[in-house]
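Analysis of the macromolecular model
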Number of protein chains: 2
Amino acid sequence: MATMKEIAERLGVSLGTVSKGLNGGRDISEELRQDILNAAVELGYTSRRSRKKDQRKLAVLIANMDFETEDSFGYEIVLGFRQAAFATDWAVDVLPIARDFQQAHPFDAFIKQEKWSGVFLLGFSFEDPWLTECRTTQVPAVLLDNAVNENPHVAGIGTDSDEAMNMSVTCLMELGHEKIAFLNGSAGSRISDHRMAAYLSAMHRHRLPIEPNLAVYGYYVADAAKYHVPGFLDRGATAILCGNDLIASGVIECCRSLGFSVPEDVSVIGFDDIPLAEQLAPPLTTIRQPRAALGRSGCHTLLSIIDHVPVSRTLLRPSLIVRGSVAAARPRVAKKQENDRDSVERVAPELYRIYAHMPMF
Amino acid sequence: MATMKEIAERLGVSLGTVSKGLNGGRDISEELRQDILNAAVELGYTSRRSRKKDQRKLAVLIANMDFETEDSFGYEIVLGFRQAAFATDWAVDVLPIARDFQQAHPFDAFIKQEKWSGVFLLGFSFEDPWLTECRTTQVPAVLLDNAVNENPHVAGIGTDSDEAMNMSVTCLMELGHEKIAFLNGSAGSRISDHRMAAYLSAMHRHRLPIEPNLAVYGYYVADAAKYHVPGFLDRGATAILCGNDLIASGVIECCRSLGFSVPEDVSVIGFDDIPLAEQLAPPLTTIRQPRAALGRSGCHTLLSIIDHVPVSRTLLRPSLIVRGSVAAARPRVAKKQENDRDSVERVAPELYRIYAHMPMF
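Residues numbered from 1 in each chain as written. Chains lettered and ligands numbered in written order. Predicted model: local features only at pLDDT ≥ 70, side-chain atom pairs only at ≥ 80, totals over all residues. Heavy atoms only, no water.

**Here we look at the pattern of salt bridges**
Residue and element names in this part refer to chain A.
- All chains considered together, the criterion is met by 24 salt bridges over all chains.
- Of the charged contacts in the structure, one is a salt bridge between Asp223 and Lys226, with a shortest N-O distance of 3.3 Å.
- Across the pair Asp265 and Arg330 runs a salt bridge, and its minimum N-O distance is 3.1 Å. Taken as a pair, Asp265 in the loop between helix H12 (245-257) and strand E9 (267-272) and Arg330 in the loop between strand E12 (319-321) and helix H14 (344-356) lie far apart in primary sequence, 65 residues in all.
- Assessed through its relative accessible area of 16%, Asp265 is described here as buried.
- Here Arg330 falls in the partly exposed class, since its relative accessible area comes to 47%.
- Salt bridges sharing partners connect three or more residues here, namely Asp273, Arg288 and Arg323. (Salt bridge = Lys/Arg side-chain N within 4 Å of Asp/Glu carboxyl O. Helix = DSSP H or I, 4+ residues; strand = E, 2+ residues; numbered from the N terminus. Buried < 20%, exposed > 50% of the residue type's maximum accessible area, 1.4 Å probe, protein only.)

So this is what it looks like as structure tokens:
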């Protein structure tokens, strides 16, 4: 277990400063205080005060998501949550939860037994029994990238898809691209539907042509690329947006195998900014999800709900990280020509289908 | 200035309990602690600690909104903000801000001069110069019922329109209503557009007929009713949703003057649940905006932004308060018959128009 001295050494500040940062002393900057709290969490420092009271405990419960190594998607989310909890003097348990465990243990009873005041659920999908139980639970809970209707004890948090897709489309438009394809993740997930709607809105807002065959659902794996990229290229797409960075890695690979170079012939933009993104060749331009901030916001939102503020959802702003996978458009003649360039008539019913069946996010 | 003794008397607890509640003692319930903090704010108690440090100061800035009397829309919002700020040891200034004051004082410079770490803006509209300055400001700010794009220092908060309209439509549908009209507030405001989209989605989700002449924009005043209610009744509407409670009061009045009784002939539902709502005859069924919680969430969200969490928006859940203005539907023959009953073809482009020009909320 780390000591205050180790925190002081790591940051090159005095022991007195660390004490002020950890114990709410006021004559240090908010910035420095955050750095001290962050170092305390990273080094595993536990105050005597929080060791005493195991009454104030939260949990991060994780299904279907890697979080244990520094390059995994969940790592910084969990770290951010723990930082915010530490700063407000809550202890945190972090547990992976398998599906058969959920089947064997009712959600409410298990949370009660563990004496958690609230839980943050990462990676739970519609097939997970505990997500179904969240519809009616009275346990304060926050879901990442998901939501339930009309339950004041449960909030959803995520990244603002609208702003994300708008940033990507704007970047490409400024580089002269017009035929911009979107290879989304799996159909039928809430987050994929939001991103599809956001893509359609962004294209329309910029008066760019929308072709139904250039806006498709795939799967959240690199392999999805090979089923769709050849069609995109035949139709003259000069840029491809992707539902996540893994899909983007497959798209780059697939373009290359078909004799198209990235970014000279085709620009590619990913989503998430996982550590893999900057190691690709070329390094991937991508939408960064603010993962540590999502974790902190998960904790802030959970504490709001515990404080009887009925949050329905909270969205955080993404940022566009520009690397080598985008360049000025080099127009190509399409082998297959679409008859319909855009049209509200084609797009609106699709948007409408999406919105009519779920709350907007 | 109130003392701890007065807080203890108000709540019927001991002085020691009040002290624990105010100073973070752990062996009292979270519930009681909240009650103590709430009483402290209401009674105007200021701790010696917070009197010392005027460094940690937030502000609530208010344009175009009443907040000073207990029956005004803004009163509980401001109170909720002050409660959450007190609990985390921030001082709060509350100021009405006139438009000419904004013209004379640039936003960033004024906030800096007053030494506020962040501000909560209530009632600012697109005509207010400070809202324009929020697009590029670096001052942490939270806007009620508004938003700006891509500025990580500014978040929007509000009530979940989707859930609100869905609750209203579901309630009426269960009472047998099918022709449900919507008299919205003013066109061109972000919040009105969201409510219109949410109404259209809710009607479609319930497979109820949507008629363009039954879904109209008016103004946020009681007088708006007389221009639209006669048309609704001619077309056979048996229920009318309203953009706020003032509009609803005008709708009830107007129905009566045309010989229709509420709720026997026409059911009416408002929005906001201002104190006026339960004093109407009949008492108004309405969507309650959680005003104190909006204030608390305004403070929580502002502190998140100060802590470098780039919140884009936070939505809170409304609740439906059922009073005497709704009853089982008594079908009437319409004098004017519409040719088009619903159709995605009519509704989708309207939804699309709304979404294409603004971020979803």
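So, next bit.
**Considerations on the sheet that holds strand E2 (residues 91-96) of chain B**
- The strand order E2(A)-E1(A)-E3(A)-E4(A)-E5(A)-E11(A)-E11(B)-E5(B)-E4(B)-E3(B)-E1(B)-E2(B) describes an open sheet built from 12 strands, whose pairing is mixed. On the outer flanks of this sheet lie strand E2 (91-96) of chain A together with E2 of chain B, each paired with one strand and no other. Ignoring which end each strand starts from, the neighbouring axes of this sheet average 15° apart.
- With 3 bridges connecting them, strand E3 (residues 118-122) of chain A and strand E4 (residues 141-144) of chain A associate as parallel partners. Directly across from Val119 of chain A, in E4 of chain A, lies its bridge partner Ala141 of chain A.
- Helix-sheet contacts for helix H5 (residues 75-87) of chain A involve strand E1 (57-62), E2, E3 and E4 of chain A, and the interaxial angle to E2 of chain A is about 160°. (Pairing = 2+ DSSP bridges. Axes fitted to C-alpha atoms, helices over the stretch in contact; angles between N-to-C directions. Contact = heavy atoms within 4.5 Å.)

**Quick look at the pairing of strand E10 (residues 285-288) of chain A**
- By the bridge criterion, 4 bridges tie E9 of chain A to E10 of chain A in an arrangement that is parallel. In the sheet register, Asp272 of chain A faces E10 of chain A, and the bridge partner there is Arg288 of chain A.

**Describing H12 of chain A**
Residue and element names in this part refer to chain A.
- End to end, H12 covers 18 Å across 13 residues, agreeing with the expected 18 Å (1.5 Å per residue, within 8%).
- In this structure, the buried residues of H12 make contact with strand E6 (180-184), helix H11 (225-234), strand E8 (239-242), E9 and E10.
- With a side-chain oxygen positioned 3.1 Å from the backbone nitrogen of Leu246, the residue opening H12 is Asn244.
- Positive backbone phi, at 90°, marks Gly259, one or two positions downstream of H12. (Expected span 1.5 Å × (residues − 1). Polar contact = N/O pair within 3.5 Å; in protein donor to acceptor, adjacent residues only side chain to side chain.)

**Side note on the environment of Val221 of chain B**
- Checked against the element boundaries, Val221 of chain B lands in the loop between strand E7 (215-217) and helix H11 (225-234).
- For the pair Val221 of chain B and Asn244 of chain B, spaced 23 residues apart in the sequence, the C-alpha separation amounts to 8.4 Å.

**Describing empty space enclosed by the protein**
- With the rule as written, the count across this model stands at 5 cavities of 30 Å³ or more.
- Taken as a whole, the largest cavity holds about 100 Å³ of empty space. (1 Å grid on protein atoms, 1.4 Å probe; cavity = no way out; pocket = protein on both sides within 12 Å on 5 of 7 lines; lining within 4 Å. Points joined across faces, edges and corners; volume = space filled by probe spheres on them.)

**A look at the nonpolar core**
- Grouped together as the largest cluster of nonpolar side chains are 58 residues, with contacts concentrated most on Phe120 and Leu122 of chain A together with Phe120 and Leu122 of chain B.
- Setting aside chain neighbours within four positions, we find Phe120 of chain A in contact with Ala59, Val60, Leu61, Ile77, Phe81, Val142, Leu144, Ile157, Leu294, Gly295, Gly298 and Leu302 of chain A. (Core = buried A, V, L, I, M, F, W, Y, C linked by side-chain atoms within 4.5 Å.)

**A look at the confidence of the model for chain A**
Residues and elements named next belong to chain A.
- Put simply, chain A has an average pLDDT of 87, and 89% of its residues get 70 or more.
- Note on residues 340-344: pLDDT is under 50 here. Beyond four places in sequence and across chains, it has 15 contacts.
- Counted against residues more than four places away or in other chains, residues 356-361, with its pLDDT under 50, gives 27 contacts.
- The complex model carries a pTM of 0.82, and its ipTM stands at 0.80. (pLDDT = per-residue confidence, 0-100.)

**Examining the packing of aromatic side chains**
- Scanning all chains against the criterion turns up 14 aromatic pairs over all chains.
- Between Phe182 of chain A and Tyr199 of chain A the ring centres are 5.2 Å apart and the planes differ by 35°, which places this aromatic pair in the tilted class. A residue pair is termed long-range when its members are at least 10 positions apart, and Phe182 of chain A in strand E6 and Tyr199 of chain A in helix H10 (residues 190-205) qualify at 17 residues.
- Accessibility expressed as a relative area gives 0% for Tyr199 of chain A, which makes it buried.
- Judged by centre distance (5.1 Å) and plane angle (80°), the rings of Phe101 of chain B and Phe110 of chain B are edge-to-face.
- For Phe110 of chain B, a relative accessible area of 7% corresponds to the buried category.
- In this structure an aromatic cluster arises from ring pairing among Phe101, Phe107, Phe110, Trp116 and Trp130 of chain A.
- Directly above the ring of Phe271 of chain A sits Arg195 of chain A, whose terminal nitrogen or CZ lies 3.7 Å from the centroid. (Phe/Tyr/Trp six-rings, centres within 6.5 Å; stacked < 30°, edge-to-face > 60°. Lys NZ or Arg CZ within 6 Å of the ring centre and 35° of its normal.)

**Things to note about the side chain of Ser304 of chain B**
- Within the fold, Ser304 of chain B resides in helix H13 (residues 291-306).
- Once residues within four sequence positions are removed from consideration, Ser304 of chain B is found in contact with His300 of chain A together with Val309 and Val311 of chain B.

**Notes on the sheet that holds strand E9 (residues 267-272) of chain B**
Residues and elements named next belong to chain B.
- One open sheet accounts for 6 strands, arranged E7-E6-E8-E9-E10-E12; its pairing is mixed. The two strands at the open ends of the sheet, each matched to only one other strand, are E7 and strand E12 (319-321). Within this sheet the neighbouring strands show an average axis-to-axis angle of 20°, counted without direction.
- Bridge count for strand E8 (residues 239-242) against E9 is 3 bridges, and the pairing is parallel. Looking across to E9, one finds that Ala239 is bridged to Ser267.
- Packed on one face of the sheet, helix H10 (residues 190-205) meets strand E6 (180-184), E7, E8 and E9 and runs near 175° to E6.

**Describing the packing of H11 of chain A against H12 of chain A**
All names here are of chain A.
- The contact between H11 and H12 brings their axes to 9 Å, and the two run at 55°. With respect to H12, the axis of H11 lies oblique. The way H11 lies across H12 gives a crossing that is right-handed. Judged by residue contacts, Ala225, Lys226, Val229 and Pro230 of H11 engage Ile247, Gly250, Val251, Cys254 and Cys255 from H12.
- A breakdown of the residues in the contact of H11 with H12 according to their chemical character gives 7 nonpolar, 1 polar and 1 charged. (Parallel < 35°, antiparallel > 145°, perpendicular 65-115°, else oblique. Left-handed = near helix turned anticlockwise from the far one by under 90°. Nonpolar A, V, L, I, M, F, W, Y, C, P; charged D, E, K, R; others polar.)

**Some details on the environment of Arg330 of chain A**
All names here are of chain A.
- Arg330 sits 67 residues away from Pro263 along the chain, and the two C-alpha atoms are 9.8 Å apart.
- Here Arg330 is in contact with Thr238, Glu264 and Asp265, once residues within four sequence places are set aside.
- There is a polar contact of 3.1 Å between the side chain of Arg330 and the side chain of Asp265.

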